[in-house]
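# Results of the structural survey
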Amino acid sequence: MYDIRGLNEECGVFGIWGHPNAAELTYMALHSLQHRGQEGAGIVCSDEKNIYGARGMGLLPEAISEVKLESLSRFHHAIGHVRYATTGASELSNVQPFIFKHSKGDIGLAHNGNLTNAEQIRLALESEGAIFQTSSDSEVLGHLLLKAKSDNKLNNLKASLNQIKGAFSFLVLHPEKLFVARDAHGVRPLMLGKVDGAYCVASETCAFTAVGAEYIRDIEPGEVLTLSHEGLAEDAYTMNTQSNMCSMEYVYFARPDSEFRKHSLYEIRKALGRKLYEEMNIAADVVIGVPDSSLQAAKGFSLTSGIPNEQGLLKNRYIGRTFISPDQKMRERAVRMKHSPIRDVIEGKRVVVIDDSIVRGTTSKFIVKTLKQAGAKEVHMAISSPPLIHPCYYGIDVSTHAELIAANKSIAEIEAELEVDSLTYLSVDGMHEVFRSFDSKGECNACFTGNYPIEIVDHVLPEEKEKKKKGV
Ligand SMILES: O=P(O)(O)OC[C@H]1O[C@H](OP(=O)(O)OP(=O)(O)O)[C@H](O)[C@@H]1O
Ligand SMILES: NC(=O)CC[C@H](N)C(=O)O
Ligand code: SF4
Ligand SMILES: [Mg+2]
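As annotated in an unreviewed UniProt entry, the protein chain is Amidophosphoribosyltransferase from Macrococcus psychrotolerans. According to the UniProt record, the Pathway (unreviewed entry) comment for the protein chain is "Purine metabolism; IMP biosynthesis via de novo pathway; N(1)-(5-phospho-D-ribosyl)glycinamide from 5-phospho-alpha-D-ribose 1-diphosphate: step 1/2."

### Looking at the UniProt feature "binding site: [4Fe-4S] cluster" (unreviewed entry) in the protein chain
Within the UniProt annotation, "binding site: [4Fe-4S] cluster" (unreviewed entry) is assigned to Cys246, Cys392, Cys444 and Cys447. Over a stretch of 202 residues, the named residues converge on one spot in the fold, their C-alpha atoms separated by at most 10.2 Å. Of the residues named above, Cys246, Cys392, Cys444 and Cys447 line the second largest cavity. With respect to the helices and strands, Cys392 occurs in the loop between strand E21 (378-383) and helix H14 (405-408). With relative accessibility at 18%, the residue Cys392 sits in the buried group. Structurally, Cys447 can be placed in helix H17 (residues 446-449). Looking at Cys447, the relative accessible area reads 10%, which means it is buried. Not counting chain neighbours up to four residues away, the residues in contact with Cys447 comprise Met248, Pro387, Leu388, Ile389 and His390.

### Looking at the site of ligand 3
Neighbouring residues of ligand 3: Val187, Arg188, Cys246, Ser247, Met248, Cys392, Tyr394, Ile396, Cys444, Ala446 and Cys447. More than half of the atoms of ligand 3 fall within 2 Å of the grid points belonging to the second largest cavity. By residue class, the composition of the shell around ligand 3 is nine nonpolar, one polar and one charged.

### Comments concerning the packing of aromatic side chains
Throughout the structure, instances matching the rule amount to 11 aromatic pairs. Summarising the aromatic geometry, the rings of Tyr250 and Phe435 are spaced 4.1 Å apart at their centres and angled 25° between planes, so their arrangement reads as stacked. Of this pair, Tyr250 sits in helix H8 (residues 247-253) while Phe435 sits in helix H16 (residues 428-436), and the two are 185 residues apart along the sequence. By the burial criterion, Tyr250 is buried, and Phe435 matches it. An aromatic cluster is present here, built from Phe168, Phe170 and Tyr237 joined pairwise through their rings. The ring of Tyr52 carries the charged tip of Arg74 above its face, separated from the ring centre by 5.4 Å. Sitting over the ring of Tyr215, Lys262 keeps its end group 4.2 Å from the ring centre.

### What to know about the UniProt feature "active site" (unreviewed entry) in the protein chain
Feature annotation in UniProt places "active site" (unreviewed entry) on Cys11, given in this structure's numbering. Along the chain, Cys11 turns up in the segment before strand E1 (12-17). Filtering out sequence-adjacent residues up to four positions away, Cys11 remains in contact with Arg36, His81, Val82, Arg83, Tyr84, His111, Asn112 and Ser203.

### Thoughts on the side chain of His81
Inspection of the secondary structure puts His81 in strand E4 (residues 77-83). In terms of polar contacts, His81 uses its side chain to reach the backbone carbonyl oxygen of His111, at 2.7 Å. Not counting the four nearest positions on each side in its chain, His81 is found in contact with Cys11, Gly12, Val13, Leu30, Gly40, Ala41, Gly42, Gln96, Pro97, Ala110 and His111.

About the thresholds
Per chain, residues are indexed from 1 in the order of the written sequence. Throughout, the order in which chains and ligands are written sets their labels, letters from A for the former and numbers from 1 for the latter. Totals for whole chains, interfaces and linings use all residues, but because this is a predicted model, local features are given only for residues with pLDDT of at least 70 and pairs of side-chain atoms are given and counted only at 80 or more. The basis for every side-chain value is the complete set of heavy atoms in the structure, and neither hydrogens nor water enter the calculation. UniProt positions are given in the numbering used here, feature names are shortened, and annotations may be inferred rather than shown by experiment. The pocket and cavity definitions rest on a 1 Å grid over protein atoms only: a 1.4 Å probe that fits but cannot leave marks a cavity, an open set with protein on both sides within 12 Å along at least five of seven lines marks a pocket, and residues lining either have an atom within 4 Å of a point. Numbering goes from the N terminus for both helices and strands, where a helix is a DSSP run of H or I of at least four residues and a strand is a run of E of at least two. Accessibility here uses a 1.4 Å probe with only protein chains present; expressed as a share of the type maximum, an area under 20% marks a residue as buried, one over 50% as exposed, and anything in between as partly exposed. The contact rule is simple, with two residues in contact once any of their heavy atoms fall within 4.5 Å. Note on definitions. A residue lies near a molecule or strand when any single heavy atom of the residue is within 4 Å of it. More than half of a molecule's atoms within 2 Å of the grid points is what it takes for that molecule to sit in a cavity or pocket. Gly is put with the polar residues, along with every residue not named as nonpolar or charged; the nonpolar set is Ala, Val, Leu, Ile, Met, Phe, Trp, Tyr, Cys and Pro, and the charged set is Asp, Glu, Lys and Arg. The rule is short: rings of Phe, Tyr and Trp, with Trp giving its six-membered ring, pair when the centres are within 6.5 Å, and they are stacked under 30 degrees, edge-to-face over 60, tilted in between. Only Lys NZ and Arg CZ are tested; either one counts as a charge over a ring when it is within 6 Å of the ring centre and within 35 degrees of the ring normal. Definition of a polar contact: a pair of N or O atoms within 3.5 Å, with one able to donate and the other able to accept a hydrogen when the atoms are protein atoms, and with sequence-neighbouring residues admitted only if both atoms are side-chain atoms.

Written out as structure tokens, the structure is:
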């Protein structure tokens with residue numbers, strides 16, 4: 001099995017406390033977060049005494065059957081997860097939410113992100129006798145919570161989170177309350193909402209739209225919320241915070257109908273396209289976006305430049321994951337199946353093609369070729385983010401160093417390889433300027449600059465993770 005996507009999203013989480021249809025709403029919310037993870041999914045519920053759940057591999061309908069969902073319909077409190085593995089193999093044992101059964105009380109756990117000292121903590125815990133059930137980084141939090149001596153669960157959680165480094169949006173379900181925590185750098189998004197008087201949380205606001213919830217606010221870096229019968233309690237596990245929200249969430253990952261700090265990703269991506277034109281300033285006859293994720297940037301580019309925006313490429317909606325062998329030739333065939341040109345839009349024209357990113361260059365290379373075959377006079381590639389040159393340790397599978405085309409070649413060399421008339425990337429400063437104009441307080445840009453805002457203790461290279469994931 002091979003994933004033809006150039007960029008792989010990370011997980012999505014949803015949690016709700018005190019709703020008679022908690023499991024059903026969680027299922028609907030996870031459906032709208034499916035773009036964040038397609039390897040496995042689960043829902044875990046509380047009856048205020050114990051924790052129960054259902055998990056499975058694959059897309060949500062495969063992972064959780066109607067019968068399984070029905071069996072959870074009596075619960076009023078639930079958390080859910082869709083997984084794209086970042087640490088640990090893609091297998092059922094690693095699918096979340098996890099359930100920890102313990103005499104001190106059950107715990108349900110869901111995590112979006114990637115921990116950068118999980119290996120170190122795991123080795124220390126194992127040397128004291130802990131037995132891990134999975135190869136996932138997320139499991140360490142469960143062990144730290146169960147090891148804590150105090151009877152105060154909130155204090156135990158805060159102390160445990162202070163031992164963990166990396167990116168995390170955690171949902172921790174105890175029988176009588178749900179804790180929600182976002183890491184001190186706020187790398188992954190996490191939002192607070194309310195439906196029919198019940199508080200809920202989600203990785204993205206599109207999940208609130210799906211369940212008819214009101215979007216209240218973004219959860220802040222370092223914040224810990226408690227959802228219980230007493231309502232909502234706000235707290236923090238650290239005051240040492242700094243905003244390093246993932247830039248790629250803005251550029252590509254989050255759905256365009258989601259909002260960060262009450263601004264739609266649709267508008268933010270349009271603004272990235274506007275900025276790209278300001279930096280590029282080119283004369284052309286038509287601007288087209290690579291569907292679907294670059295259509296908004298293409299629109300912004302067109303609005304500022306006055307170059308007409310047309311649909312020049314059609315995407316085959318039924319290709320997301322393709323079960324093909326992982327060699328470059330098959331990957332190229334898969335990309336050909338995915339995008340098809342519309343000749344009347346292209347023929348005889350100077351075409352600007354907007355994409356949100358270039359990873360290996362497979363997509364761009366094919367698109368340039370297909371547009372030229374469709375009669376384009378000139379093809380200019382414009383990318384609404386800076387060159388990807390460093391791997392991500394915080395939960396995004398930005399491929400491996402060796403595969404990142406911009407890590408190994410100059411712009412002129414990439415232009416030659418893609419056989420494109422010109423290639424322009426958005427600058428790092430330009431990108432941050434756009435984010436600031438949407439009230440951002442700071443973003444991580446490590447995959448573009450190599451400036452990693454959070455210490456990487458384990459130093460497990462993405463190459464090694466890839467091997468582990470495939471069980472090599
Ligand atoms: O340089 P490459 O290795 O080809 O990767 C780059 C492509 O990967 C992403 O799209 P992807 O095909 O993953 O999915 P999308 O349909 O959601 O844009 C991104 O939007 C680029 O189009
Ligand atoms: N992509 C994610 O957020 C994954 C969570 C966790 N690190 C895992 O690999 O399961
Ligand atoms: S390194 Fe890149 S992909 Fe990873 S969190 Fe930072 S901005 Fe996002
Ligand atoms: Mg794409």
